[in-house]
Amino acid sequence: MLDRTQAPDFQSIKKVAVTQAHSKELTNGVKLHWVNAGEQPAIRLEYIFAAGSWYEPSRGVSYFTAKMLNEGTHRRSSGEISEYIDQFGSFLELSQNAERIILTVYTITKHLPKLLPLIYELLTDSIFPEKELDNLKIITSQNLQVNLQKTSFLAQHRFRELIFGENHPYGKYIKDTDITPVTKELLVQYHNQALLQRPFDAVLSGQITDETLLAVEQHLSQFDVNKTLLTKPTLPVAEVSKHTELIERPESVQSTIRFGKRLVHEDGTSFTRRSSDYFSFVLLNEVLGGYFGSRLMKNIREDKGFTYGIHSSLGIFRKEGFIVIGTDVKKEFTNQTLEEIRKEITLLQTELIPEDELEIVKNYILGAFAGSVTTPFSLADHFKTIYFEGIGYDFYDKYVSEISQTTSETLLSLAQQYLNLDTFTEVVAGGK
């Protein structure tokens, strides 16, 4: 009989099984990837183009091109497009970042074939109508004005500008002066150059039947693709240097802090998922401020009561990486909070992390990872991470093994190597 007065034996995670994606290149050059998983008949289909802000001829063009894809074709108005999608209880998402433009459709398995012709129409026959573009520009400008009143928005974007550069794709964001120059002609031209006849990746995830897969293959085979990628401009690498900036907001009762840096190796090369010490640094970041029981949370939230939450995060792109500590505090606690952040970083550079603390953090990380590979969409996201980084599924085996084997001595060395306070950038929006 089970003795419920005794806790079950604790078992450390040794390996996490990650359902792998299947891939094939169609005859026209389109790459199809699919993850068949899940107990519900839900489907997500993503069309991913190398057409983000790295490639745009002027600021904002990639963003507005992405957002305008569902605003009208020669056959349908924006309203008709929305009505058609809504009748199937489906959802269309258009997104854009430094690297890519992504069109995503969420639906249930039986409805996907009905939506595929519409998606083809949106990607190949969008007309970027003037009226809808003007409305989008107004909405974008209004949203920007609202965000510019938020200290969190100001601090986060200024921090990225300072560590990467205001014109670098990883550092820039759309400003009000960028919106007005965007025209229909620019968007049509960019659509023709960056999306039409360009190779792209399609990622299908969910409960996939043979019929669904066949329908998607036939649909993707219709695209006329010339198999050459858009050329990405070469930009100078940002220097690792210290910046301190205060963005005064007298009307604000609180300050937003962003404290961090661009990460580089000792030889000056950029820190990415390919870095040999990536996994150990993930663990170091978690100890510092990556979860609710982290050192920053215990010190600044629980002991000092300066904030409701403070976190340390890693931002890892294909070509760059950075670490940033972020929090919101009352203005009068700003300097004290920054002082405590520096103290915690210094401790990591001078004292070994106790084994019991390290074990707790390792178990948290590995448990969170194991929980993140249980749904079809998250499995697809894990696939995209390694696929676009050009690394294999053994990355996830290494993730578990290297997190498990990392020692306190290794973390001490990493803190000394990467967390030199003289190279940290400090941005405060609000006041001190």
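Residues numbered from 1 in each chain as written. Predicted model: local features only at pLDDT ≥ 70, side-chain atom pairs only at ≥ 80, totals over all residues. Heavy atoms only, no water.

- An unreviewed UniProt entry lists the protein chain under the name Pitrilysin family protein, from Xanthocytophaga flava.

1. Observations regarding the packing of helix α3 (residues 112-125) against helix α8 (residues 210-220)
Between two packed helices, both the angle of their axes relative to each other and the distance between the axes serve to describe the pair.
Thought 1: In contact at an axis separation of 10 Å, α3 and α8 are set at 15° when each is read in the N-to-C sense. Considering the angle they form, α3 stands roughly parallel to α8. The handedness of the crossing between α3 and α8 is right-handed. Residues Leu112, Leu116 and Tyr120 of α3 touch α8, and the partners they reach there are Thr212, Ala215, Val216 and His219.
Thought 2: The residue makeup of the contact of α3 with α8, split by class, is 5 nonpolar, 2 polar and no charged. (Axes fitted to C-alpha atoms, helices over the stretch in contact; angles between N-to-C directions. Helix = DSSP H or I, 4+ residues; strand = E, 2+ residues; numbered from the N terminus. Parallel < 35°, antiparallel > 145°, perpendicular 65-115°, else oblique. Left-handed = near helix turned anticlockwise from the far one by under 90°. Contact = heavy atoms within 4.5 Å. Nonpolar A, V, L, I, M, F, W, Y, C, P; charged D, E, K, R; others polar.)

2. Let's talk about the environment of Thr385
Thought 1: Mapped onto the secondary structure, Thr385 falls in helix α13 (residues 376-389).
Thought 2: With 232 residues separating them in the primary sequence, Thr385 and Phe153 have C-alpha atoms 26 Å apart.

3. What to know about the sheet that holds strand β9 (residues 310-316)
Thought 1: Read from one edge to the other, the open sheet built from 5 strands follows the order β7-β11-β8-β10-β9, with strand pairing classed as mixed. Across the chains shown, the open sheet's two edge strands, defined by having one partner strand only, are β7 (244-248) and β9. Strand-to-strand twist across the sheet, computed as the mean angle between neighbouring axes with direction ignored, equals 15°.
Thought 2: Here 7 bridges tie β9 to strand β10 (residues 321-330), and the two strands are oriented antiparallel to one another. Bridge assignment links Ile310 to a residue of β10, and that residue is Thr327. (Pairing = 2+ DSSP bridges.)

4. Considerations on the pairing of strand β3 (residues 42-49)
Thought 1: Across the 8 residues that make up β3, a large majority, 7, are buried.
Thought 2: As defined by bridge partners, β3 adjoins strand β5 (residues 101-108) across 8 bridges and the pair is classed as antiparallel. Opposite Ala42, over in β5, you have Ile108 as the bridge partner. (Buried < 20%, exposed > 50% of the residue type's maximum accessible area, 1.4 Å probe, protein only.)

5. Structural notes on the confidence of the model for the protein chain
Fine structural detail should not be taken from predicted coordinates in areas where pLDDT scores are low.
Thought 1: Residue-level pLDDT values for the protein chain average 93, and 96% of them are 70 or greater.
Thought 2: Between the elements of the protein chain, mean pLDDT differs from a low of 93, seen in helix α14 (residues 394-405), to a high of 98, seen in β5. (pLDDT = per-residue confidence, 0-100.)

6. Focus on the side chain of Glu121
Thought 1: As for its position among the elements, Glu121 is in helix α3.
Thought 2: Those residues within four positions of Glu121 in sequence are excluded, and the remaining contacts are Thr73, Arg75, Arg76 and Ser126.

7. What to know about the nonpolar core
Thought 1: Membership of the largest hydrophobic core comes to 65 residues, with the highest contact counts inside it found for Leu45, Tyr47, Leu204 and Leu220.
Thought 2: Filtering out sequence-adjacent residues up to four positions away, Leu45 remains in contact with Leu103, Thr104, Val105, Leu112, Leu116, Ala202, Val203, Leu204 and Val216.
Thought 3: If you look at the next biggest cluster of nonpolar residues, it comprises 61 residues, including Ile102, Ile257, Leu284 and Ile316. (Core = buried A, V, L, I, M, F, W, Y, C linked by side-chain atoms within 4.5 Å.)

8. Considering the sheet that holds β5
Thought 1: Reading across the sheet, the 6 strands line up as β1-β2-β6-β3-β5-β4 and stay open at both edges, with mixed pairing between neighbours. Looking at the sheet topology across the chains shown, the edges are occupied by β1 (22-25) and β4 (91-96). Strand-to-strand, the axes of this sheet are offset by a mean angle of 15°, without reference to chain direction.
Thought 2: In terms of strand pairing, β4 meets β5 through 6 bridges, oriented antiparallel. Residue pairing in the sheet places Ser95 in a bridge with Ile102 of β5.
Thought 3: Packed onto the sheet, α8 meets β1, β2 (31-36), β3 and β6 (201-206) and runs at close to 165° relative to β2.

9. Overview of the environment of Leu214
Thought 1: Residue position: Leu214 is located in helix α8.
Thought 2: Separated by 101 residues in sequence, Leu214 and Pro113 have C-alpha atoms that sit 10.0 Å apart.

10. As for the pattern of salt bridges
Thought 1: All told, the structure shown has 23 salt bridges when counted by the stated rule.
Thought 2: The partner of Arg273 in a salt bridge is Glu389, and the shortest N-O contact between them spans 3.1 Å. Taken as a pair, Arg273 in the loop between β8 (254-262) and α9 (278-290) and Glu389 in helix α13 lie far apart in primary sequence, 116 residues in all.
Thought 3: By relative accessible area, which is 7% here, Glu389 ends up buried. (Salt bridge = Lys/Arg side-chain N within 4 Å of Asp/Glu carboxyl O.)

11. Overview of helix α5 (residues 151-164)
Thought 1: The terminal C-alpha atoms of α5 lie 20 Å apart, and with 14 residues this matches the ideal 20 Å at 1.5 Å per residue to within 8%.
Thought 2: For α5, the buried fraction is high: 10 of the 14 residues fall into the buried class.
Thought 3: The set of residues buried in α5 consists of Thr151, Phe153, Leu154, Ala155, Arg158, Phe159, Glu161, Leu162, Ile163 and Phe164.
Thought 4: Where the residues of α5 are buried, they touch α4 (130-147), β7, β8, β10 and β11 (425-430).
Thought 5: Just downstream of α5 lies Gly165, where phi reads positive at about 115°. (Expected span 1.5 Å × (residues − 1).)

12. Some thoughts on the UniProt feature "domain: Peptidase M16 N-terminal" (unreviewed entry) in the protein chain
Thought 1: Under the UniProt annotation, "domain: Peptidase M16 N-terminal" (unreviewed entry) lies at residues 49-149.
Thought 2: In residues 49-149, helix accounts for 48% and strand for 15%; the two terminal C-alpha atoms are 33 Å from one another. (UniProt positions renumbered as here; feature names shortened; annotations may be inferred.)

13. So, the packing of aromatic side chains
Thought 1: In this structure the tally under the stated criterion is 33 aromatic pairs.
Thought 2: Seen from their ring centres, Trp54 and Tyr170 are 5.8 Å apart, and the 90° between their planes marks the pair as edge-to-face. Of this pair, Trp54 sits in the loop between β3 and α1 (61-67) while Tyr170 sits in the loop between α5 and α6 (176-179), and the two are 116 residues apart along the sequence.
Thought 3: Geometrically, the ring pair formed by Phe383 and Tyr387 is stacked, given 5.3 Å between the ring centres and 20° between the ring planes. Here the residue Phe383 and the residue Tyr387 both occupy positions in helix α13, the gap between them amounting to 4 residues, near one helical turn.
Thought 4: Accessibility expressed as a relative area gives 6% for Phe383, which makes it buried.
Thought 5: The class of Tyr387 is partly exposed, set by a relative accessible area of 28%.
Thought 6: Taken together, Phe271, Tyr278, Phe279, Phe281, Phe369, Tyr393, Phe395, Tyr396, Tyr399 and Tyr418 form an aromatic cluster joined through their ring pairs.
Thought 7: Looking at Arg100, its charged tip hangs above the ring of Phe388, at a distance of 4.2 Å from the centre. (Phe/Tyr/Trp six-rings, centres within 6.5 Å; stacked < 30°, edge-to-face > 60°. Lys NZ or Arg CZ within 6 Å of the ring centre and 35° of its normal.)

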